[in-house]
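A closer look at the structure
Take a look at the letters that make up each chain.
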Amino acid sequence: MDPRALAAEVEASLENAAEPDDVVRKALSWALREALGRDRDAVLAFLARHGEALPARVRREVGHKARTGLKAPRRGPADRPSDGS
């Protein structure tokens, strides 16, 4: 999908950004993370313009992907659950 068309779709869906349905938030985060690979500058500009209107989860996941290339921080050994042995 053309990054500009994707940005237009995401902007049009901002009215649903505060939607309590987690599926909407996940989809928005996914779309923006995917768009980073196609037009990083456009996604960063979008975040700068609309970041306050986006759910915290979206800002966190997309921002982390932009900084590190990963959706979420890697867990170290101390962060992993113990298996009880």
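A brief look at the structure comes next. Values in this document were obtained by computation on a predicted structure and should not be read as measured data.

1. What about helix H2 (residues 22-36)?
- A rise of 1.5 Å per residue sets the reference length of H2, with its 15 residues, at 21 Å; its end C-alpha atoms lie 21 Å apart and thus fit the reference within 8%.
- Residues of H2 that are buried include every one of Leu-28, Ser-29, Ala-31, Leu-32, Arg-33, Ala-35 and Leu-36, and no others.

2. Overview of the nonpolar core
- Counting eleven residues, the largest nonpolar core is built from Leu-28, Leu-32, Ala-35, Leu-36, Val-43, Phe-46, Leu-47, Leu-54, Val-58, Val-62 and Ala-66.
- Mapped by element, the contributors of at least two residues to this core are H2, helix H3 (40-50) and helix H4 (56-68).
- Leave out the neighbours within four places in its chain, and Val-62 touches Ser-29, Leu-32, Arg-33, Leu-36, Val-43 and Leu-47.

3. Thoughts on the pattern of salt bridges
- If you walk through the whole model with that rule in mind, you get six salt bridges.
- The residue Asp-22 makes a salt bridge to Lys-26 at a minimum N-O spacing of 3.7 Å. With Asp-22 and Lys-26 both in helix H2, this residue pair falls four residues apart, about one helical turn.
- Judged by relative accessible area, which is 29%, Asp-22 ranks as partly exposed.
- Residue classification places Lys-26 among the partly exposed positions, given a relative accessible area of 45%.
- Between Arg-57 and Glu-61 there is a salt bridge, with its nearest N and O atoms 3.2 Å apart. With a gap of four residues between them, Arg-57 and Glu-61 both fall in helix H4, about one helical turn apart.

Calculation criteria
- Residues numbered from 1 in each chain as written.
- Predicted model: local features only at pLDDT ≥ 70, side-chain atom pairs only at ≥ 80, totals over all residues.
- Heavy atoms only, no water.
- Helix = DSSP H or I, 4+ residues; strand = E, 2+ residues; numbered from the N terminus.
- Expected span 1.5 Å × (residues − 1).
- Buried < 20%, exposed > 50% of the residue type's maximum accessible area, 1.4 Å probe, protein only.
- Core = buried A, V, L, I, M, F, W, Y, C linked by side-chain atoms within 4.5 Å.
- Contact = heavy atoms within 4.5 Å.
- Salt bridge = Lys/Arg side-chain N within 4 Å of Asp/Glu carboxyl O.

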